[in-house]
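# Chains, contacts and geometry: an overview
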Amino acid sequence: MHFRAQLDRSLAMLSARGLARRHAAPPLFRLLWKLGVRVRPPHFLGFAHVALVYGTWFTCAWGLFMWLLVWSQQGLDFLGVALRSGGAGAAFGVMMAWFYTRERREFGLPAWESFGRDEQTG
């Protein structure tokens, strides 16, 4: 089945279960989809994948932001910037992965592969 059809089915199901669009399809994921990256919605990714996606994004964004506003003025070297932003990104990624894993269980969401099955006609 085509990825876009699976994505549409999964987002419709999340909406039917009461999740707001901004939560079911966060801006980061909508951007990735527009760029052609075939990544599942965060509720259907494994713990490590969610941690990696969110942790990488946060490491880059927060590291750049802090370097521009604070660390460059303090003369912090690249290793210091990398360690601080990497630590913050790892913590953020694990926190988001825990959050989505908890919600996946709470809402009783099916496996991603179940959205690839063609519906029976009859």
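Residues numbered from 1 in each chain as written. Predicted model: local features only at pLDDT ≥ 70, side-chain atom pairs only at ≥ 80, totals over all residues. Heavy atoms only, no water.

## Remarks on the nonpolar core
Here is the rule: Throughout this description, the term nonpolar core refers to a set of buried Ala, Val, Leu, Ile, Met, Phe, Trp, Tyr and Cys residues connected via side-chain atoms within 4.5 Å. Exposed residues in this analysis have more than 50% of their type's maximum accessible area, buried residues have under 20%, and partly exposed residues fall in between, with area computed by a 1.4 Å probe over protein chains only. Here a helix means four or more residues in a row that DSSP labels H or I, a strand means two or more in a row labelled E, and each is numbered from the N terminus. Here, two residues are considered to be in contact whenever any of their heavy atoms come within 4.5 Å of each other.
Formed by 27 residues in total, the largest nonpolar core has its most connected members in Leu 11, Leu 14, Phe 29, Trp 33, Phe 44, Val 50 and Tyr 54. If you list the elements that add at least two residues to this core, you get helix 1 (3–16), helix 3 (27–34), helix 4 (47–74) and helix 5 (78–106). Once residues lying within four places of it in the same chain are set aside, the contact partners of Phe 44 are Ser 10, Met 13, Leu 14, Arg 104, Leu 109, Pro 110, Trp 112 and Phe 115.

## Thoughts on the packing of helix 4 against helix 5
Quick reminder of the rule: Think of each axis as a best-fit line through the C-alpha atoms, taken over the contacting stretch in the case of a helix, with angles from 0 to 180 degrees between the N-to-C directions. With the far helix as reference, a near helix turned anticlockwise by less than a right angle produces a left-handed crossing, and one turned clockwise produces a right-handed crossing. Under the scheme applied here, ten amino acids are nonpolar (Ala, Val, Leu, Ile, Met, Phe, Trp, Tyr, Cys and Pro), four are charged (Asp, Glu, Lys and Arg), and all others, including Gly, are polar.
One way to put it is that helix 4 packs onto helix 5 with a least axis distance of 6 Å and a crossing angle of 145°. Read as a crossing pair, helix 4 and helix 5 show a hand that is right-handed. Broken down by class, the residue content of the contact of helix 4 with helix 5 amounts to 18 nonpolar, eight polar and two charged.

## Some details on the packing of aromatic side chains
Quick reminder of the rule: Centres within 6.5 Å make a pair out of two Phe, Tyr or Trp rings, where for Trp the six-membered ring is used; the pair is then stacked when the planes are under 30 degrees apart, edge-to-face when over 60, and tilted otherwise.
Taken as a whole and judged by the stated rule, the model has 14 aromatic pairs. Between Phe 44 and Trp 112, the ring centres sit 6.0 Å apart and the planes meet at 55°, which makes this aromatic pair tilted. Here the residue Phe 44 occupies a position in the loop between helix 3 and helix 4, and Trp 112 occupies one in the segment after helix 5, the gap between them amounting to 68 residues. No difference in accessibility class separates Phe 44 from Trp 112, as the two residues are buried.

## Looking at the environment of Phe 47
Within the secondary structure, Phe 47 sits in helix 4. Taking relative accessible area as the criterion, Phe 47 reaches 38% and is therefore assigned partly exposed. Taking the C-alpha atoms as reference, Phe 47 lies 6.5 Å from Thr 101; in sequence the two are 54 residues apart. Setting aside anything within four residues of it in sequence, one finds Phe 47 in contact with Val 94, Ala 97, Trp 98, Thr 101 and Arg 104.

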